[in-house]
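# Secondary and tertiary structure notes
In case you want the letters, here they are:
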4 protein chains.
Amino acid sequence: MVSPKRPATQPASNRAERAAERRGAIVEAAMDEFIARGFAATRLDDVAKRAGVAKGTIYLHFKDKESMFEELIRTAIVPLVMSLGAAPPRPDATVRDMVEGFAKTFIEQVATTRRGDIVRLIVAEGPRFPAVADFYYREVVSRGLAGMRAMIELGIARGEISNKNLARFPQILVAPALIAVIWQSLFSKHAPLDAIEMLQVHLDLVFGERRTT
Amino acid sequence: MVSPKRPATQPASNRAERAAERRGAIVEAAMDEFIARGFAATRLDDVAKRAGVAKGTIYLHFKDKESMFEELIRTAIVPLVMSLGAAPPRPDATVRDMVEGFAKTFIEQVATTRRGDIVRLIVAEGPRFPAVADFYYREVVSRGLAGMRAMIELGIARGEISNKNLARFPQILVAPALIAVIWQSLFSKHAPLDAIEMLQVHLDLVFGERRTT
Amino acid sequence: MVSPKRPATQPASNRAERAAERRGAIVEAAMDEFIARGFAATRLDDVAKRAGVAKGTIYLHFKDKESMFEELIRTAIVPLVMSLGAAPPRPDATVRDMVEGFAKTFIEQVATTRRGDIVRLIVAEGPRFPAVADFYYREVVSRGLAGMRAMIELGIARGEISNKNLARFPQILVAPALIAVIWQSLFSKHAPLDAIEMLQVHLDLVFGERRTT
Amino acid sequence: MVSPKRPATQPASNRAERAAERRGAIVEAAMDEFIARGFAATRLDDVAKRAGVAKGTIYLHFKDKESMFEELIRTAIVPLVMSLGAAPPRPDATVRDMVEGFAKTFIEQVATTRRGDIVRLIVAEGPRFPAVADFYYREVVSRGLAGMRAMIELGIARGEISNKNLARFPQILVAPALIAVIWQSLFSKHAPLDAIEMLQVHLDLVFGERRTT
DNA sequence: TATGAATGAGCGTTCATTCAT
DNA sequence: TATGAATGAACGCTCATTCAT
């Protein structure tokens, strides 16, 4: 959340920079509002207020509410992919270690942050925004599942994973992660969920229980 | 579309009955609309039209849109619980068989029907309707998880489940089922998902692979 | 301008009647506003206020501002045509008498009333509302000119009109009438125009000067 | 789109000249837009774009939209008057020849050009812009009618015009010309109108039919 | 002088809610 | 009880006007 009023010391950054700042503020504010209220219930007035700009300014950056929403989600998905794709390719590590690293990254970078809320937002609005659902499927789901499948197959080849059918349903591998995301939004106040622990247990199911030395 | 003047031949089903019919029609229509559009985007005009009643009639049965939504969800959850709680208590069966039966019931009764959409609706609107989320947690989630935990513990006691930590995270057991529900709504047109098969594989992870004779 | 509140003595006219009254009030109000401000500058808020209804009520009768405008004009043109077409077909009268009667009717029924303003409104907005211009041409202009041409030809045949070319330009016969309409709206406060007199003089040109005994 | 930095080779036409150029471009663009859309529906954004200047630049030349419109019309009227007042004062010609020359000039210089659209624009917006209507009356209408009246009186004196009352309604003389202007804008696509021919016929009415030798 | 990003009042339209019938 | 016409607050979007650069 950058203050819209640049401190006097700063030498008045150029126009483009200022515009980018404003746009950023709008994006942040809109994201927050969309997450908090969903698409239909979000008021552009509130977005503008939260972003510290006038209502009309939003329309200098986005064609209308709908395309703002779609563009926002698309934009937000990119770092989501990046934060996951950033899994270090340690070829010498065990598959379990790789998956575990990946899972931890997910929990830290997604499940416990606003990125997780975006995932829930997509689940919530997807049916009304096929373009969003399509994009999400293409950029995140299909890629993510392909990556998981590759991991699973490697695990099977190396003998780390015994259930050969798992490769057909990589969804199983990520299911608890998604559960964690949804749990955060809906039930964490009723009963906290230790996502990291849960993922460990789940990985034990997949890879066999770790011999606790 | 029932004629307002009941023909004299009809034994004049009493008023209460007629009212209940109307109310039922409204509930059905509202449910469909809420599922299709979400809370905020649903128009009571459309609900009334779909239910075949006048707009004002809705207000004879519900205080306002919000409480209608909450009441609807609550009402819809009951058969959800019932359809799941109806698991026959075969004490002689293996735990896996019990869980499997339960899972199949879920797939058939929930994941592939409108009930699944209701689950997604709760995920979507839950944060804006704490009362709904609370009710859902109390009536479905906590009970369901308790039941699952009991099953798991029985499985552990009987030696069917080796991972003792699983009892701490019964969410893991239901995670793929929830995935199936969400997948139906969002991605089934991109790639169909055989939920039954997926659950089988998942149960293989939990109970150990079935020796396919 | 009918009072929206029916006097208590009246036995509460039925719904349809009330609706027609309201619609009539909206039409009146909208006509006045459109004439006074033109299409773009007319505010539906003002129309509603003037009609004594809520803004939303307008939308119970008209799809949107644009179609309201077009429908209004179309509706207003009908009595315009009628008031002109009502020229009594006195076959024994001279052509001049017929044209004169027609002209007087026009001056009395159109040029000096709000109907004249509607003509000016069509001139003003026609280019932006081709549908309006088309309708006006079809229903009023082409018919009116055809009628005029018939009169002129009759006049020529009877020897009342000597200039045979006039039949090719019946516009000439109506031009002063249109001038009168426009003059009313724009310049009557600068210099009043005695339209009746002017038409007499014009007819003298067409039919030859009357021998004022 | 003129480069803001004038190349050194150019003898740097002074600022005032550049400003006048810009102002001219704005005037042209605004005129086109006002004619095409009317006052209220014209967007200064479009004017600026069409003129090739920034929106703010308009405000360096005009106080606001309203006064721009009024000033524009006033400015546009001047050449209108000039193009008409430029009637050569051939004292030896017949009055009919003079009027005919005048009429042809009008058809060529006004009715078939954008100037005619300006006349229609004044008819359309006049009631909302009394200043415009006043100015137009003062500068064009009253002068034009006075000129016409003088012609008519000369015609009467010379025996070319027999109807002495015509001098009281010089409007009759110009009515067909105005009709031609309006017809161009509204109905020329439905039925073309040969304005020159029509004016000839009209003059035959006024001056008596020409003996076609 | 010229720019165009930013503003915010204002408008068309929608829709939950009311109420006379 | 049921209706649906009527309401009016609220929202998305536009555009004349301003002003920092």
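First, a word on what this report is: a plain description of the structure on this page.

What counts and how
Residues numbered from 1 in each chain as written. Chains lettered and ligands numbered in written order. Predicted model: local features only at pLDDT ≥ 70, side-chain atom pairs only at ≥ 80, totals over all residues. Heavy atoms only, no water. Near = heavy atom within 4 Å. Polar contact = N/O pair within 3.5 Å; in protein donor to acceptor, adjacent residues only side chain to side chain. Helix = DSSP H or I, 4+ residues; strand = E, 2+ residues; numbered from the N terminus. Nonpolar A, V, L, I, M, F, W, Y, C, P; charged D, E, K, R; others polar. Phe/Tyr/Trp six-rings, centres within 6.5 Å; stacked < 30°, edge-to-face > 60°. Lys NZ or Arg CZ within 6 Å of the ring centre and 35° of its normal. Contact = heavy atoms within 4.5 Å. Buried area = accessible area lost by both parts, 1.4 Å probe. Salt bridge = Lys/Arg side-chain N within 4 Å of Asp/Glu carboxyl O.

## Some details on the protein's contact with DNA strand F
- With respect to spatial proximity, 31 residues lie near DNA strand F, and among them Arg43 and Lys55 of chain A, Thr57 of chain B together with Arg22 and Thr57 of chain C are the closest.
- Protein-adjacent atoms of DNA strand F, using a 4 Å cutoff, are sugar or phosphate at a proportion of 71%.
- Within the side chain of tyrosine 59 of chain A, an N or O atom sits 2.8 Å from a phosphate oxygen of DNA strand F.
- Contributing elements (two or more residues each) for the surface near DNA strand F: α3 (55-61) of chain A, α3 (55-61) of chain B, α1 (15-37) and α3 (55-61) of chain C together with α3 (55-61) of chain D.
- In terms of residue class, the surface near DNA strand F is built from 10 nonpolar, eight polar and 13 charged.

## So, the packing of aromatic side chains
- All chains considered together, the criterion is met by 36 aromatic pairs over all chains.
- Among the aromatic residues, ring-to-ring pairing joins Phe34, Phe39, Phe69 and Phe129 of chain A into one connected group.
- Stacked on the ring of phenylalanine 39 of chain D, the Lys or Arg lysine 65 of chain D has its end atom at 4.7 Å from the ring centre.
- For arginine 74 of chain D, the ring lying beneath its charged end belongs to phenylalanine 135 of chain D, and the centroid distance is 5.7 Å.

## Some words on the protein's contact with DNA strand E
- The immediate surroundings of DNA strand E are formed by 32 residues, with Arg22 and Thr57 of chain A, Arg43 and Tyr59 of chain C together with Thr57 of chain D found nearest.
- Restricting attention to atoms of DNA strand E within 4 Å of the protein, one finds that 69% of them are sugar or phosphate atoms.
- At 2.8 Å from a phosphate oxygen of DNA strand E is found a main-chain nitrogen or oxygen belonging to leucine 44 of chain B.
- One of the side-chain nitrogen or oxygen atoms of lysine 65 of chain C is found 3.0 Å away from a phosphate oxygen of DNA strand E.
- Mapped onto the surface near DNA strand E, the elements with two or more residues apiece are α1 (15-37) and α3 of chain A, α3 of chain B, α3 of chain C together with α1 (15-37) and α3 of chain D.
- Of the residues contributing to the surface near DNA strand E, the split by class is 10 nonpolar, eight polar and 14 charged.

## Topic: the interface of chain A and chain B
- With 51 residues of chain A at the interface, the matching set in chain B holds 51 residues.
- At the boundary of chain A with chain B, total buried surface from both sides reaches about 4,200 Å², with 72% on carbon and sulfur atoms.
- The tally of links between chain A and chain B comes to four salt bridges.
- Among the salt bridges present, the one from aspartate 134 of chain A reaches lysine 189 of chain B, with a minimum N-O distance of 3.8 Å.
- In terms of residues, the side of chain A that touches chain B owes the most to one element, helix α8 (residues 171-187) of chain A, which gives 10 residues.
- Residue classes in the side of chain A that touches chain B are distributed as 31 nonpolar, eight polar and 12 charged.

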